[in-house]
Amino acid sequence: MTTENARHFFEKYTGVESSEFFILPQSGSSRKNFVGEASGQKFIITFNENLAENESFYYFSEIFSELELNTPRILKISPDRKLYIQEFLGEKTLSEIIAEEGTSERTKFLVEQVLKKLFELQRRSENIIDWKKTFEYENYDEFPITNDLFYFKSFIADVLEIPYHKGNLLKEFKKLTEEISLLEPKGMMIRDFQARNIMVNSKDEVFFIDYQSAMKGPLIYDVVSFLFQAKANFSPNFRSEMLEYYFSLWKKEIGTEQSEKLTQLKNSLKPIQLIRFLQVLGAYGFRGLIQRKEHFISSIEKGIENLRHFSENWQEMNDFPELRKLIIELNTDETYKKINHMISG
């Protein structure tokens with residue numbers, strides 16, 4: 001897909017010549033995003049050859065628009081379903097604002113808004129999603145959980161040649177998979193719910209993008225993904241405060257059922273932190289150490305630190321001694337030498 005082809009599709013939709021049209025830098029995705037402007041209004045034009053991924057995005061976007069949620073409306077889809085035009089939702093990502101301002105009062109306001117909008121999405125989408133229309137997995141169960149664990153094993157432990165007892169580690173992976181599969185409450189799980197996938201407009205309103213990989217899973221997953229992301233580097237006190245804010249949204253809903261859900265959410269927090277830290281570090285290994293993408297390379301050290309700190313402070317890590325030993329080995333001078341050698345080599 002050339003820029004000219006995308007521009008032609010855009011100008012055919014608007015009926016006028018574009019005053020501005022350019023491609024955005026790619027990150028971890030193979031999708032190509034362009035910004036087009038016509039008659040003083042901006043749009044996002046996206047090209048993606050993965051039709052299954054596109055169809056999932058179209059489906060969720062339609063549902064979210066019907067529910068009047070803070071997600072982009074799809075305005076036009078090409079006949080081959082590979083090219084589409086969506087709303088332009090803001091000049092900056094929340095990640096960029098956090099990088100500029102840290103945990104300022106504005107950042108706190110935006111983070112609270114994100115958690116409130118996430119809560120609304122979770123509640124409004126209950127019992128109306130056809131999970132058969134998801135992209136990769138219908139449920140966050142044995143298969144995606146195992147895949148996440150092996151992402152860590154393959155692209156961190158194996159790539160860095162960290163020694164471990166294979167049989168023992170696989171037994172612990174099985175145990176962790178079984179525990180996470182049973183966590184409640186379940187519902188819409190966006191999965192890659194991070195500040196770089198949240199747009200902020202000129203009115204400081206937040207919007208969610210990149211939800212095509214959503215599935216049915218533990219509701220606490222996206223909260224953990226957002227608040228514990230390595231790049232944002234939120235302080236423990238700030239994360240605790242924002243967690244309490246999210247839980248307070250559930251407390252406002254009176255009833256025995258919601259009280260039970262709140263208890264379940266709190267009980268699922270630590271296991272989800274562990275699987276998320278492992279999955280994210282595996283992604284950093286693949287995108288950073290293998291593909292050499294700078295955004296991911298710069299996050300590896302913080303990802304290891306998050307995992308180490310968690311492992312040292314969660315008592316139930318004693319149930320996973322082989323994994324705990326592997327995590328300790330990750331945080332050694334020898335491992336960091338290997339990482340630096342791979343990056344510079």
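Residues numbered from 1 in each chain as written. Predicted model: local features only at pLDDT ≥ 70, side-chain atom pairs only at ≥ 80, totals over all residues. Heavy atoms only, no water.

**Comments concerning the overall build of the protein**
1) Next: The helix and strand tally for the protein stands at 13 helices and 10 strands.
2) Next: Compactness check: the protein gives a C-alpha radius of gyration of 21 Å against a globular reference of 20 Å for 345 residues, within 12% of the reference.
3) Next: Counting only C-alpha atoms and orienting by the principal axes, one finds that the protein spans roughly 65 × 60 × 40 Å.
4) Next: Counting the 345 residues in the protein, one finds 49% classified as buried.
5) Next: In the protein, once contacts between residues fewer than 6 apart in sequence are set aside, the share between residues at least 24 apart is 71%.
6) Next: For the protein, the accessible surface area stands at approximately 16500 Å², while carbon and sulfur atoms represent 48% of it.
7) Next: Considering the protein, the positive charge centre built from 45 side chains and the negative charge centre built from 53 side chains are found 1 Å apart. (Helix = DSSP H or I, 4+ residues; strand = E, 2+ residues; numbered from the N terminus. Rg over C-alpha atoms; globule rule 2.2 N^0.38 Å. Buried < 20%, exposed > 50% of the residue type's maximum accessible area, 1.4 Å probe, protein only. Contact = heavy atoms within 4.5 Å. Areas by Shrake-Rupley, 256 points an atom, 1.4 Å probe, with all protein chains shown as cover. Lys, Arg positive; Asp, Glu negative; His and termini not counted. Charge placed at Lys NZ, Arg CZ, Asp CG, Glu CD.)

**Points about the sheet that holds strand 6 (residues 92-93)**
1) Next: Here we have three strands laid out as an open sheet, ordered 6-8-9, and antiparallel in their pairing. Edge positions in the sheet fall to strand 6 and strand 9 (206-208), since each has one partner strand and no second.
2) Next: Here strand 6 runs beside strand 8 (residues 198-200); their pairing, made up of two bridges, is antiparallel. Residue pairing for strand 8: threonine 93 is matched across the bridge by methionine 199. (Pairing = 2+ DSSP bridges.)

**What about helix 13 (residues 333-344)?**
1) Next: The terminal C-alpha atoms of helix 13, which comprises 12 residues, lie 16 Å apart, in line with the 16 Å expected from a rise of 1.5 Å per residue.
2) Next: Thr335, Tyr336 and Ile339 are the residues of helix 13 that are buried. Buried residues along helix 13 cover an arc of 95° about the axis, so they all sit on one side. Looking at helix 13, the residues exposed on the side facing more than 90 degrees away from the buried face are Asp333, Lys337, His341 and Ser344. (Expected span 1.5 Å × (residues − 1). Arc of directions from axis to C-beta.)

**Details of the pattern of salt bridges**
1) Next: Across all of its chains, the model carries 24 salt bridges by this definition.
2) Next: A salt bridge links aspartate 210 to arginine 31, with the nearest nitrogen and oxygen atoms 2.6 Å apart. With aspartate 210 in the loop between strand 9 and strand 10 (215-218) and arginine 31 in the loop between strand 1 (20-23) and strand 2 (32-38), this pair connects stretches of sequence that are 179 residues apart.
3) Next: Close ionic contact of glutamate 101 with arginine 106 constitutes a salt bridge, the shortest N to O distance being 2.8 Å.
4) Next: The class for glutamate 101 is partly exposed, based on a relative accessible area of 31%.
5) Next: A residue is classified by how much of its surface remains accessible, and arginine 106, at 30% relative accessible area, is partly exposed.
6) Next: Shared partners join several salt bridges into a network, and the residues in it are Arg31, Glu53 and Asp210. (Salt bridge = Lys/Arg side-chain N within 4 Å of Asp/Glu carboxyl O.)

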